[in-house]
Amino acid sequence: MNTDTTSIAPANRQALRCDGVRLWDSLMTLARIGATPAGGVRRLTLTELDGQARRLLIDWLRDCGCRIRVDAIGNIHGTRPGTEDLDPIGIGSHLDTQPNGGRFDGAYGVMAGLEVLRTLDDHGIRTRHPVNVTAWTNEEGSRFTPVMMGSGVYAGAFTLEHCLAQQDRDGQSVGAALEAIGFAGRDAAPALAAYFEPHIEQGPILEAEGITIGAVETALGQRWFDVLITGQDAHAGPTPLAMRRDALLGAAQVIAAVRRIAEEHPDEARGTVGQLDVTPNSRNVIPGRVALTVDLRNARDETLSRMVDALRAQCDAIAAEHRLTISLDEVVYFPPCRFDPALVALVEQAAGRLGHSHRRIASGAGHDAVYVARRHPAAMIFVPCEGGISHNEIENAQPEHLAAGTDVLLEAVLAFDRGDA
């Protein structure tokens, strides 16, 4: 018997639960595609392993009666029909991983969406809106740049032509890679009424506070810089300290300044130097050239701009003090994202109705939802991950937390479908 969700008043309806065992089994089955000896997953975007994962997902979505569409950047959209001619409620994330990635980053969001469809089928529930599950192309950016490519094209942040032309280190283009694995699609991507993205937190806050559900209200803005510090190579023995133009000394002060800038600014400020390349990298030569990266993040664009101003001022002062040249080349700028307040509230209400501890939280990482939010109302659901560790083969999450996040997702989807938002 089919049940129309609009006919069941929230006060009279027992909350549905997903099949947590089935969800876990789907995640573990998917994790076998590209499995690493250390228990992680290496499934780089648009490789044959990615193609295998995509084909498995399509089979599962078809089992749920979904119409499958693949758009021109390779995003997969599986749509379960609704009872009315309405835009779909979207759920999604990605299947690609880091070179030494984990089993849950991205994959959880897609499998949670699949589990929602399966649970609706289990209970014979027909939603007013179609429900759409999307696997976005190249979220990680570990083989091709830019990161979050598929959702970026969907939202108009990048042109399709630009992204199809991007090449990996071996010279293969995105377009050629899509053709090679059979996912150079031609279908139109669906417009969405709303979009939910479940994800492991990839940070330590929820686990540390003993909280099960994070209702993500913002994603930090990001500004990335390639920094080149130029001084003068010189012999470490004969050159007095006062006469040196030590690029590595300047780099050390830049690194300390990045940390200090983050500490001195509000609004979830972050500052990181993640790469360092020293030339000539010889133990008895004063380094004459250092290349490094700077990653600044903040929840408010105004504060993020002040952090950048502070970085430039610090670099100018360090260059003057040590007779160096310091150049900053901005390579990434993602403005902060504020997710749709009504959808964030639905996530909170769903968690409360199901009896799960919850809190509002900011995402420190970029996600496909950030780009989708430029086009449609969007929200994210976080669950804890062990030790806050992600982008690592030891990434782990508890089955009960993954099931809880999926239950909240299902409840929020049904609430939106009833018109509660």
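Residues numbered from 1 in each chain as written. Predicted model: local features only at pLDDT ≥ 70, side-chain atom pairs only at ≥ 80, totals over all residues. Heavy atoms only, no water.

Enquirer: Can you lay out the packing of helix α2 (residues 48–63) against helix α3 (residues 107–122) for me, pointing to particular residues and giving the numbers?
Expert: Two numbers describe how α2 lies on α3: the axes approach to 10 Å, and their chain directions differ by 20 degrees. Looking at the two axes, α2 sits roughly parallel to α3. Pair α2 / α3 crosses with left-handed handedness. Here α2 contributes L57, W60 and L61 to the contact with α3, which in turn contributes V110, M111, L114, L117 and R118. Among the residues forming the contact of α2 with α3, the class breakdown is 7 nonpolar, no polar and 1 charged. (Axes fitted to C-alpha atoms, helices over the stretch in contact; angles between N-to-C directions. Helix = DSSP H or I, 4+ residues; strand = E, 2+ residues; numbered from the N terminus. Parallel < 35°, antiparallel > 145°, perpendicular 65-115°, else oblique. Left-handed = near helix turned anticlockwise from the far one by under 90°. Contact = heavy atoms within 4.5 Å. Nonpolar A, V, L, I, M, F, W, Y, C, P; charged D, E, K, R; others polar.)

Enquirer: Go over the packing of aromatic side chains with me, naming the residues and quoting the values.
Expert: Applying the stated criterion across every chain yields a total of 5 aromatic pairs. Taken together, a centroid distance of 6.2 Å and an interplanar angle of 70 degrees make the contact between W136 and Y195 edge-to-face. Of the two residues, W136 is situated in strand β6 (residues 131–136) and Y195 in strand β7 (residues 194–200); the sequence distance between them amounts to 59 residues. On the basis of relative accessibility, which here comes to 0%, the residue Y195 falls in the buried class. Aromatic side chains F158 and Y371 sit 5.5 Å apart centroid to centroid with 80 degrees between the ring planes, which places their arrangement in the edge-to-face category. One end of the pair, F158, is in the loop between α4 (149–155) and α5 (160–165); the other, Y371, is in helix α11 (residues 368–372), with 213 residues separating them in the sequence. Under the relative-accessibility criterion, F158 is labelled buried at 17%. Chaining the aromatic ring pairs together yields one cluster made of W136, Y154 and Y195. The ring centre of Y154 lies 4.1 Å from the NZ or CZ of R375, which sits over that ring. (Phe/Tyr/Trp six-rings, centres within 6.5 Å; stacked < 30°, edge-to-face > 60°. Buried < 20%, exposed > 50% of the residue type's maximum accessible area, 1.4 Å probe, protein only. Lys NZ or Arg CZ within 6 Å of the ring centre and 35° of its normal.)

Enquirer: Could you give an account of helix α10 (residues 341–353), with specific residues and numbers?
Expert: Given 3.6 residues per turn, any residue in an α-helix points the same way as the ones three and four places further on. Its 13 residues place the ends of α10 18 Å apart at the C-alpha level, agreeing with the 18 Å of an ideal helix rising 1.5 Å per residue. Turning to α10, its buried residues number three or more, namely L343, V344, A345, L346, V347, A350 and A351. Where α10 is buried, its residues meet β7, β8 (213–219), β17 (358–363), β18 (378–383) and α12 (399–418). Among the residues trailing α10, G355 stands out with phi positive, at a value near 80 degrees. (Expected span 1.5 Å × (residues − 1).)

Enquirer: Outline unusual backbone geometry, supporting the account with residue identities and numerical values.
Expert: Along the chain, T145 connects to P146 via a cis peptide bond; the corresponding omega equals 10 degrees. Locating P146 in the fold gives a position in the loop between β6 and α4. The step from T279 to P280 runs through a cis peptide bond, and the omega angle for that step is 10 degrees.

Enquirer: Got a sec to walk through the confidence of the model for the protein chain? Specific residues and values, please.
Expert: Looking at the protein chain as a whole, the pLDDT averages 96, with 97% of positions reaching at least 70. Within the protein chain, the element-level pLDDT minimum falls on strand β1 (residues 3–4), averaging 63, and the maximum on β6, averaging 99. Within the model, pLDDT remains below 50 along residues 6–12, and this stretch shows 7 contacts once partners closer than five positions in the same chain are excluded. (pLDDT = per-residue confidence, 0-100.)

Enquirer: An account of the state of the cysteines is needed here, citing residue identities and associated values.
Expert: On inspection of all chains with the given rule, the structure shows 0 disulfides. Free cysteine: C18, not disulfide-bonded; nearest cysteine sulfur from C64 at 13 Å. For C18, a relative accessible area of 12% puts it in the buried group. (Disulfide = S-S within 2.5 Å.)

Enquirer: Lay out the packing of α3 against α12 in plain terms, naming residues and giving numbers.
Expert: Following both chains from N to C, one finds α3 and α12 inclined at 60 degrees, their axes separated by 9 Å at the closest point. Taken together, α3 and α12 sit at an angle that is classed as oblique. The handedness of the crossing between α3 and α12 comes out as right-handed. Residue-level inspection shows Y108, A112, G113, E115, V116, T119 and L120 of α3 in contact with α12, the latter providing H401, L402, G405, T406, L409, L410 and L414. Residues that form the contact of α3 with α12 fall into these classes: 8 nonpolar, 5 polar and 1 charged.

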